[in-house]
Amino acid sequence: MIIAIDGPAASGKGTLARKLAEKFNLAYLDTGSLYRAVGLTLLRQKADPKDPNAALAAARNLDHRLLNDPDLRKEDTGRAASIVAAIPDVRTALLAFQRDFAAKPPQGMAGVVLDGRDIGTVICPDADIKLFISASDEVRARRRTKELQDKGLNVAKESVLADLQDRDKRDSARSDAPLKAADDAHLLDTTELDIETAFARACAIVEQHAAR
Ligand code: DC
């Protein structure tokens, strides 16, 4: 079983993806972490994330140890990730890894959950279940601000909101694999839902599919 989950930054898709993977014994790949690792490589090299040659070299030689680096989750890294993600060659360089993961779940797993921006549209267009998770800008900014403050970072919601909107705009406007819902995706708006309710809705969609 392949579950494809897409949506904008801080929509809750990562939490939902992780919880679904655990419940249904599926392997989980956070594809944003691949773009973040490329972005982080460039930041550490003091290279410009817009530099297509440097970004492509980083994507081709991706250091998988970076996927566990605490700096991966920083806001600067997210911004750099969104910039490198707009470079078509970078996307091509990361495509095979994602498709292989989906095609060959690790031993004992019944399938995979991938989350990102283009999973249902480009990476796994034949996924068994597609979810598109959204939430209002205001709610996403509030959630992300709390997450950062809980980590001890001193951030203002206004700057988090501006950053999210900037990223959404870039992720949605790029010509290659923009953020968008696949035509056959189930839409789940989590603006008014807490995580347990959103998870229950997502589980119901998966179970409905499995019962078919
Ligand atoms: O999900 P995230 O915030 O960790 O993703 C970081 C950036 O990576 C995001 O702004 C856009 C990019 N991305 C992408 O273009 N395609 C994906 N499948 C996943 C992430």
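Now for a look at the structure at hand. (Residues numbered from 1 in each chain as written. Predicted model: local features only at pLDDT ≥ 70, side-chain atom pairs only at ≥ 80, totals over all residues. Heavy atoms only, no water.)

## Here's the deal with the pattern of salt bridges
Heads up, the rule is: Whenever a carboxyl oxygen of Asp or Glu lies within 4 Å of a side-chain nitrogen of Lys or Arg, that contact is scored as a salt bridge. Each residue is placed in one exposure class: buried if its accessible area under a 1.4 Å probe, protein chains only, is under 20% of its type's maximum, exposed if it is over 50%, and partly exposed if it falls in between. Elements are defined by DSSP. Helices are runs of H or I of four residues or more, strands are runs of E of two residues or more, and each kind is numbered from the N terminus.
A complete count under the given rule lists 20 salt bridges for this structure. In this structure, Asp71 and Lys74 form a salt bridge, with 3.3 Å as the shortest nitrogen-oxygen distance. Asp71 sits in the partly exposed class, given a relative accessible area of 24%. Measuring nitrogen to oxygen at the nearest pair gives 2.6 Å for the salt bridge that ties Lys157 to Glu138. Placement of Lys157 in helix H8 (residues 157-173) and of Glu138 in helix H7 (residues 137-150) is noted, with a sequence separation of 19 residues between them.

## Examining the site of the ligand
Stated precisely, the cut-off is as follows: Nearness here has a simple test: a residue counts as near a molecule or strand if at least one of its heavy atoms is within 4 Å of that partner. In protein, a polar contact requires one atom able to donate a hydrogen and another able to accept it; more generally it is a pair of N or O atoms within 3.5 Å, and residues adjacent in sequence count only if both atoms are side-chain atoms. For every accessible area listed, the method is Shrake-Rupley and the probe measures 1.4 Å; residues are considered covered only by the protein chains on display.
The full set close to the ligand counts 16 residues, and Arg36, Arg91, Asp118, Asp171 and Arg174 are the nearest of them. Measuring from a nitrogen atom of the ligand, one finds a side-chain N or O atom of Thr31 at 3.0 Å. Separating an oxygen atom of the ligand from a side-chain N or O atom of Arg91 is a distance of 2.8 Å. Coverage of the ligand by the protein amounts to 97% of the 450 Å² it exposes when considered alone. Listing elements by their share of the shell around the ligand, those giving two or more residues are helix H2 (32-44), helix H4 (75-84) and H8.

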